[in-house]
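An overview of the molecular structure
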Amino acid sequence: MATTTRFRWLWWVVAYVSLGLGLVGIVVPVLPTVPFILLAAFAAARGSEKLHARLLSDSRLGPMFLEWQEHGAISRRAKILATVMMAFCAILLFVITPKLWVPIAVTVIMATVCTWLWLRPEPDGH
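Report on the accompanying structure. Just so we're clear, the structure is a prediction, and the values are computed from it rather than from any experiment. Sequence order sets the numbering: in each chain, residues are counted from 1 along the sequence as written. Thresholds applied to this predicted model are a pLDDT of at least 70 for local features of residues and 80 or more for the giving and counting of side-chain atom pairs; totals over whole chains, interfaces and linings are not thresholded and use all residues. As a rule here, side-chain values cover all heavy atoms of the structure and leave hydrogens and water aside.

What about the nonpolar core?
Going by this rule: In this text, buried Ala, Val, Leu, Ile, Met, Phe, Trp, Tyr and Cys residues form a nonpolar core when linked through side-chain atoms within 4.5 Å. We call a residue buried when its accessible area falls under 20% of the maximum for its residue type, exposed when it is over 50%, and partly exposed in between, using a 1.4 Å probe and counting protein chains only. Per the convention used, a helix needs a DSSP run of H or I reaching at least four residues, while a strand needs a run of E reaching at least two, with both numbered from the N terminus. A contact between two residues is defined here by any heavy atoms of the two lying within 4.5 Å.
A15, L19, I37, L38, A40, A41, A43, A44, L51, L55 and F65 together form the largest nonpolar core, which totals eleven residues. At six residues, the largest contribution of residues to this core is made by helix α2 (residues 34–47). Beyond its immediate stretch of four places on either side in the chain, A41 contacts H52, L55 and F65. In terms of nonpolar packing, the next biggest core, distinct from the first, is built from eight residues, A78, M86, A90 and L117 among them.

Some thoughts on empty space enclosed by the protein
What counts here: Throughout, the protein atoms alone are placed on a 1 Å grid, and a set of points is a cavity if a 1.4 Å probe fits but cannot get out or a pocket if it is open with protein on both sides within 12 Å along at least five of seven lines; lining residues have an atom within 4 Å of a point. Grid points are joined across faces, edges and corners, and a volume is the space filled by probe spheres set on the points.
A complete count under the given rule lists one cavity of 30 Å³ or more for this structure. Roughly 30 Å³ of internal volume is contained in the largest cavity. What lines the largest cavity is simply V34, L38, M64, W68, A73 and I74.

As for the layout of surface pockets
Test applied: Each residue is assigned to one class: nonpolar for Ala, Val, Leu, Ile, Met, Phe, Trp, Tyr, Cys and Pro, charged for Asp, Glu, Lys and Arg, and polar for all the others, Gly among them.
In this model, the largest pocket occupies a volume close to 1,200 Å³. Surrounding the largest pocket, 38 residues form its lining, T33, V34, P35, A78 and A82 being those nearest its centre. Put simply, the parts of the chain that give the lining of the largest pocket at least two residues each are α1 (5–27), α2, α4 (62–71), α5 (76–96) and α6 (101–119). The element that contributes the greatest number of residues to the lining of the largest pocket is α5, accounting for eight residues. When the residues that make up the lining of the largest pocket are grouped by side-chain class, the tally is 31 nonpolar, four polar and three charged. Lining of the second largest pocket is provided by Y16, L19, L23, L51, R54, L55, D58, R60 and L61. For the lining of the second largest pocket, the secondary structure elements donating two or more residues are α1 and α3 (49–57).

Note that every value here comes from positions in space, so none of it alone points to a role or purpose.
Pasting the structure below:
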């Protein structure tokens, strides 16, 4: 994709920051992984051809990126994993947060994201 060089540096920053947050999200339960990784691929396509090519060629993440780019599809396994993790985080928030409005607000946001996620198509054959 052609991007003006004026904003290319911004896309580059967004790509690497998103990738970093996605990697942190692997070990921190309340930080989502998949949305940050998808954002990293989206931004890398506009700001870093090298990072974009590396993400697409990754044996674990590459197929997910290609399905997302070509069809806007998310695998059922990813949907289930995301749903379980969001439910776990919601329960955890209700248990540890002293102010009730915080877990309610976050749970509403996660429920919205979960609904959107399940409305996405699944890759062919899944």
